[in-house]
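Listed below, chain by chain, are the residues.
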Amino acid sequence: MSKVQLYLKKNNIKANIVKVTTPDESNLLDPENLKEWEDLVRKFSTMLDVVLREMSPQRIHIFLSAPLALTFGIGCTIGNIVSPFIYHLDNVSKEYKLVITADNRLRKFQNL
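Heads up: these notes are all about the structure in this document.

Conventions used here
- Residues numbered from 1 in each chain as written.
- Predicted model: local features only at pLDDT ≥ 70, side-chain atom pairs only at ≥ 80, totals over all residues.
- Heavy atoms only, no water.
- Helix = DSSP H or I, 4+ residues; strand = E, 2+ residues; numbered from the N terminus.
- Buried < 20%, exposed > 50% of the residue type's maximum accessible area, 1.4 Å probe, protein only.
- Contact = heavy atoms within 4.5 Å.
- Core = buried A, V, L, I, M, F, W, Y, C linked by side-chain atoms within 4.5 Å.

Take Thr71: it is sitting in helix α3 (residues 68-78). Its relative accessible area of 18% is what places Thr71 among the buried residues. Not counting the four nearest positions on each side in its chain, Thr71 is found in contact with Leu64 and Ala66.

Rendered as structure tokens:
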């Protein structure tokens, strides 16, 4: 059972799981290859569109273990579409921790 599945079970969260990884999980994204990063963000955006259209989830839980730049890019694709629950893989405990419950309260800079 994956760490995500264990977290969901422990916290009594019933959810369908969609796992998004790099094409080869052992490979890291090449910082010199902009296209590789953009393609992964586009694929995430496409996958999210499919999930929203076909599953119409009430809530979205996103478990991340990725470079900050990639997570920021993914956040840009989400925009105002969904208000996800964001989890971070803690390096000390090796468990996922809920770190952000996104909603409109986080969007305080709209008038700048």
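Within the largest apolar cluster, 14 residues are counted, with the highest numbers of intra-cluster contacts made by Leu29, Phe44, Leu48, Ile62, Leu70, Ile74 and Ile78. Broken down by secondary-structure element, the contributors of at least two residues to this core are α2 (34-55) and α3. Among the elements that line this core, the one with the most residues is α2, at seven residues. If you look at the next biggest cluster of nonpolar residues, it comprises eight residues, including Val4, Tyr7, Leu8 and Phe63.

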